[in-house]
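Chain residues, written in single-letter form:
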Amino acid sequence: DSRFWKPTVSKDGNGSARVRFLPAADGEDLPWVQYHEHNFDVDGSYFIELCPTKLGRECPVCKANSALWKTEIKENQAIVSLRKRKLVYVSNIYVLKDKEVPENEGKVFLYQFGQKIFEKIKMALKPKDEDDPAVNVFDFWEGADFSLEIKKVAGFRNYDDSKFRAQSALLGGDDQQLEAVYKQLYPLQPFVAETKFKSYEDLEKKFNETISGVRGKIQKKADELFTDKPAEAAPAPKAERKAKENLPDTDLPWSEPTRKSKGSAKKEPKPTPTVEPKTESDDSLSMYDKLTEDE
């Protein structure tokens, strides 16, 4: 998706860039959206899907993970760690410096990031030390550039050295340039629209297909742990199977877009308590609302 920006890293896994997080698009309440995603592969067969717990629905992958974890077998729990849902955030950004791909500079993109970077955003919005000034990093005039520093640590990307710089106006506060940037913002709510989430049946089918080619006792045990899985029906006639295989798969004013309080975001239904333990920050949305109300 050409709308998304990704930082370029070297062969040793290191990289850097400087970006600016942007305010909410016209008609939206928050400058980010968040959701859970399962993203893993089994022998080259990939499973990348939104987790329906965001909508308060049951998830077959979370269900399988829960069953595996309860076995208390170390190898099974290692599988859960790879398959567990991951919290994902999406925001609009303005790329200030991208030395590896300089043609990205001066453009608006969507940026997908994880909990580590969001924690840095939260710390800027509401510092632990009351003496430190709170910074609305999404503000055009009083926000701050973000220095993204990526290092490879123990085989994984590490963002610990990333930080927000001193407060400053984006593009020197030039109203004409800022208005042009504002008009390029992408709406974020479509990423969490209900239509983006597959049904339980479709997810279960894809999940079973993904793990079906795996060999070994542990992976086979994972499939057996669907204790309430109905007995498989007898194979359909060849002609019927072939027919089935051919079926398709299913206004904010420009003047001050982030300085005016926009009210509380609509609350999402809570996931059922039987699914994988919740990991996201429940106070993230209300925290931002409180900050804008205080301003």
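As shown above, the structure is provided for reference.
Residues numbered from 1 in each chain as written. Predicted model: local features only at pLDDT ≥ 70, side-chain atom pairs only at ≥ 80, totals over all residues. Heavy atoms only, no water.

Asks: Could you give an account of the overall build of the chain, with specific residues and numbers?
Replies: A tally of regular secondary structure across the chain gives eight helices and eight strands. A buried classification covers 41% of the 295 residues belonging to the chain. Carbon and sulfur atoms make up 50% of the accessible area of the chain, which totals about 17400 Å². (Helix = DSSP H or I, 4+ residues; strand = E, 2+ residues; numbered from the N terminus. Buried < 20%, exposed > 50% of the residue type's maximum accessible area, 1.4 Å probe, protein only. Areas by Shrake-Rupley, 256 points an atom, 1.4 Å probe, with all protein chains shown as cover.)

Asks: Requested: an account of helix 4 (residues 175-182), with residues and values cited.
Replies: Of all the positions in helix 4, only L178, V181 and Y182 are classed as buried. Down the axis of helix 4, the smallest arc covering the buried residues is 100°, so these residues share one side. Taken together, the buried residues of helix 4 touch strand 4 (86-97) and strand 5 (108-113). Regarding helix 4, its N-cap is D174, as a side-chain oxygen of that residue lies 3.1 Å from the backbone nitrogen of Q176 further along. (Arc of directions from axis to C-beta. Contact = heavy atoms within 4.5 Å. Polar contact = N/O pair within 3.5 Å; in protein donor to acceptor, adjacent residues only side chain to side chain.)

Asks: Just give me the short version of the packing of aromatic side chains, but keep the residues and values in it.
Replies: Inspection of the entire model under this criterion finds 17 aromatic pairs. Here F21 and F164 contribute two aromatic rings whose centre-to-centre distance is 6.1 Å and whose plane-to-plane angle is 50°, an arrangement assigned as tilted. Pair noted here: F21 is in strand 1 (residues 15-21) and F164 is in strand 8 (residues 163-167), with a separation of 143 residues, a long-range link. Looking at F164, the relative accessible area reads 18%, which means it is buried. The interplanar angle of 85° and the centroid separation of 5.8 Å between the aromatic rings of F140 and W141 together place this pair among those described as edge-to-face. (Phe/Tyr/Trp six-rings, centres within 6.5 Å; stacked < 30°, edge-to-face > 60°.)

Asks: Just give me the short version of the pattern of salt bridges, but keep the residues and values in it.
Replies: Applying the stated criterion across every chain, the model contains 10 salt bridges. The closest approach of N and O atoms between D1 and R3, which form a salt bridge, is 2.6 Å. Salt-bridge contacts for E179 lead to K183; the nearest nitrogen and oxygen are separated by 3.5 Å. Residue classification places K183 among the exposed positions, given a relative accessible area of 65%. Taken together, the shared-partner salt bridges connect R18, R20 and D145 into one network. (Salt bridge = Lys/Arg side-chain N within 4 Å of Asp/Glu carboxyl O.)

Asks: Requested: an account of a positive patch on the surface, with residues and values cited.
Replies: On the surface, a cluster of positive charge is made up of K97, K99, K163 and R165. For R165, the location among the structural elements is in strand 8. Judged by relative accessible area, R165 falls into the partly exposed class, the value being 44%. (Patch = residues over 30% accessible without salt bridge, like charges linked within 9 Å, V, L, I, M, F, W, Y side chains within 5 Å. Lys, Arg positive; Asp, Glu negative; His and termini not counted. Charge placed at Lys NZ, Arg CZ, Asp CG, Glu CD.)

Asks: Outline the environment of N76, listing residues and values.
Replies: Structurally, N76 can be placed in helix 2 (residues 74-83). The class of N76 is buried, set by a relative accessible area of 2%. Taking the C-alpha atoms as reference, N76 lies 8.7 Å from N65; in sequence the two are 11 residues apart. Polar side-chain contacts of N76 include one of 3.0 Å to the side chain of T71.

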